[in-house]
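# Fold and contact review
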Amino acid sequence: MDRGCGRGPRLTAGASLAKLRRITQKTQLMSANSLFDITGKVIVITGATGALTGSAAAYLAANQAKVVYLGRSQEKLDATLAGVRGQVPGAEVIGVAADVNDREALERARDTILAKWGRIDALLNGAGGNQPGATIAPDKTFMDLDFEAFQAVVDLNLHGTVLPTLVFTPALMEAGSASIVNYSSASASRAITRVVGYSAAKAAVENFTRWLAVDLGRRTSGGVRVNALVPGFFLGEQNRRLLTNEDGSLTPRGESIVRQTPFGRFGQAEELHGAVHYLVADASKFVTGTTVTVDGGFGVFSGV
Ligand SMILES: NC(=O)c1ccc[n+]([C@@H]2O[C@H](COP(=O)([O-])OP(=O)(O)OC[C@H]3O[C@@H](n4cnc5c(N)ncnc54)[C@H](OP(=O)(O)O)[C@@H]3O)[C@@H](O)[C@H]2O)c1
């Protein structure tokens, strides 16, 4: 006997087959194809020339989305787009140069996108990263923190998420069923030695994700959802020197991470594609304010 207290239909022992049939008929059965269909969705990705973001952008383009690559350098964007067009013939992709901390450049980018494609269905806030001064070197203490570097890391990761969101949200609200995906990190919820500025900024990104999810959820009755993607450890340009030696072997820190990851390895960029796809597609239509973690179990392992 079902003692559930939700609003769903209660199936008691006495429920007749006819009643069950009526319930089943009422349920809209959508095929996986329509739940995950992103054909023609206009998806903007900041920091799209990056390792993880670039890989996700190419995946979305390969799945018939119209993808806007945002980065600071037009040269880097052009080179990235040439690569994507080679990989995905007929890909609908454009590159727009904009710094995520430059409001006017973001507004120009938004206008360019709306003039070309007339709508914006998703914003992936992928621009982010760390810098040496905001990290405490092994022979230093917190008192040696370079505060300007700390501020620069907060500027890029937190303000560089809030500002594009501010600029693009009106267009997302117009779209009707839109999605914002903020890139967080495993360091947002657990203390990772040395990484002080980046961790604080990503923790704030997760908090902002929850706050905005509630605000936009209520304002748009679910028209714009806001979630965070939490990649674990993926080998990229920003952490390669920290985690691997020149010969490709692991540094002691790299070894420690792999030991604390139940899957026993770093992630591969393409292992984030499924989560990104889910968050931008209608499959996540009732999902907001949450974090989707892709980390091989790092975040739940106590180390024992
Ligand atoms: N890699 C990992 O293991 C890992 C783990 C957890 C979370 N993350 C997060 O996931 C996201 C993507 O990571 P990733 O590895 O793809 O990063 P990445 O390879 O370091 O690339 C980041 C991109 O951000 C762009 N960028 C930097 N500052 C910018 C600014 N002010 N305005 C606009 N774009 C800017 C850069 O492009 P331009 O130089 O062309 O501007 C760069 O290509 C980041 O938020 C990162 O913090 C990464």
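Not measured: the values here are computed from a predicted model.

## Remarks on the nonpolar core
Judged by nonpolar contacts, the single largest core of 67 residues is most densely connected at Ile-43, Val-44, Ile-45, Val-67, Val-68 and Tyr-69. Among the elements that make up this core, the one with the highest residue count is helix H6 (residues 147-175) (seven residues). Counting contributing residues per domain, this core is built from domain 1 (35-232 + 271-287) and domain 2 (237-266), each supplying no fewer than three. Setting aside residues up to four positions removed in sequence, Ile-43 forms contacts with Leu-60, Ala-65, Val-67, Val-68, Asp-121, Ala-122, Leu-124 and Val-280.

## A few points about the site of the ligand
Near the ligand lie 29 residues; those nearest to it are Gly-47, Gly-50, Gly-71, Arg-72 and Gly-128. The set of elements that each furnish at least two residues to the shell around the ligand consists of helix H3 (51-62) and H6. Taken together, the residues that form the shell around the ligand break down as nine nonpolar, 16 polar and four charged. Looking at which domains feed residues into the shell around the ligand, each of domain 1 (35-232 + 271-287) and domain 2 (237-266) gives three or more.

## Topic: the confidence of the model for the chain
Of all residues in the chain, 90% have pLDDT values of 70 or greater, and the mean over the chain is 92. The weakest mean pLDDT in the chain belongs to helix H1 (residues 17-26) at 60; the strongest belongs to strand E4 (residues 122-125) at 99. Here residues 1-8 is a poorly scored stretch, pLDDT under 50, and it has six contacts once near neighbours within four places are set aside; other chains count.

## Looking at the packing of H6 against helix H7 (residues 196-220)
Geometrically, a packed helix pair is captured by the angle between its two axes and the distance between the axes. Interhelical geometry of H6 versus H7 gives an angle of 15° and a closest axis separation of 9 Å. Here H7 runs roughly parallel to H6, going by the angle between their axes. Between H6 and H7 the crossing geometry is right-handed. Counting all contacts with H6, which are made through Ala-149, Phe-150, Val-153, Val-154, Asn-157, Leu-158, Thr-161, Val-162, Thr-165 and Met-173, the residues of H7 involved are Gly-197, Tyr-198, Ala-200, Ala-201, Lys-202, Ala-204, Val-205, Phe-208, Leu-212 and Thr-220. Among the residues forming the contact of H6 with H7, the class breakdown is 14 nonpolar, five polar and one charged.

## A word on the sheet that holds strand E7 (residues 291-294)
Taken together, the seven strands give an open sheet; going across it, the order is E3-E2-E1-E4-E5-E6-E7, and neighbouring strands pair in parallel fashion. The open sheet has two edge strands with one neighbour each: strand E3 (93-97) and E7. If you compare each strand with its neighbour and ignore which way they point, the axes differ by 20° on average. Relative to E3, strand E2 (residues 66-71) is paired through five bridges, and the arrangement is parallel. By the bridge assignment for E3, Leu-70 is matched with Val-96. Strands in contact with helix H4 (residues 74-87) are E2 and E3; relative to E3, the strand with the most contacts, it is inclined by about 170°.

## Here's the deal with helix H10 (residues 273-280)
Considered for burial, the residues of H10 that qualify are Val-276, Leu-279 and Val-280. For H10, the angular spread of buried residues about the axis comes to 90°, placing them on one side.

## Some details on the pairing of strand E6 (residues 224-231)
Successive residues of a regular strand alternate their side chains across the two faces of the sheet. Burial of E6 is extensive: eight of the eight residues sit out of reach of the surface. Along E6, one buried face is formed by Val-224, Val-226, Ala-228 and Val-230 and the opposite face, lined by Arg-225, Asn-227, Leu-229 and Pro-231, is buried too. Taken together, the six bridges between strand E5 (residues 178-183) and E6 define a ladder with parallel strand orientation. Bridge pairing in E6 links Val-181 to Asn-227. Here E6 pairs with E7 via four bridges, running parallel. Residue pairing for E7: Pro-231 is matched across the bridge by Val-294.

## Remarks on the pairing of strand E1 (residues 42-46)
With respect to burial, E1 is a largely interior element, five of its five residues being buried. Side chains of E1 alternate between two faces, with Val-42, Val-44 and Thr-46 and Ile-43 and Ile-45 buried alike. Relative to E2, E1 runs parallel, the two sharing five bridges. By the bridge assignment, Thr-46 is partnered in E2 with Leu-70. The pairing of E1 with E4 spans four bridges and is parallel.

## Comments concerning the packing of helix H5 (residues 103-117) against H6
Running from N to C, H5 and H6 cross one another at 30°; their axes reach a closest spacing of 9 Å. Put simply, H5 runs roughly parallel to H6. Read as a crossing pair, H5 and H6 show a hand that is right-handed. Contacts between H5 and H6 involve Arg-103, Leu-106, Glu-107, Arg-110 and Leu-114 on the former and, on the latter, Leu-163, Pro-164, Val-167, Phe-168 and Ala-171.

What counts and how
Residues numbered from 1 in each chain as written. Predicted model: local features only at pLDDT ≥ 70, side-chain atom pairs only at ≥ 80, totals over all residues. Core = buried A, V, L, I, M, F, W, Y, C linked by C-beta atoms within 7 Å. Buried ≥ 20, exposed ≤ 12 C-beta atoms within 10 Å, placed from the backbone. Helix = DSSP H or I, 4+ residues; strand = E, 2+ residues; numbered from the N terminus. Domains from an automatic or database assignment. Contact = placed C-beta atoms within 7 Å. Near = placed C-beta within 6 Å. Nonpolar A, V, L, I, M, F, W, Y, C, P; charged D, E, K, R; others polar. pLDDT = per-residue confidence, 0-100. Axes fitted to C-alpha atoms, helices over the stretch in contact; angles between N-to-C directions. Parallel < 35°, antiparallel > 145°, perpendicular 65-115°, else oblique. Left-handed = near helix turned anticlockwise from the far one by under 90°. Pairing = 2+ DSSP bridges. Arc of directions from axis to C-beta.

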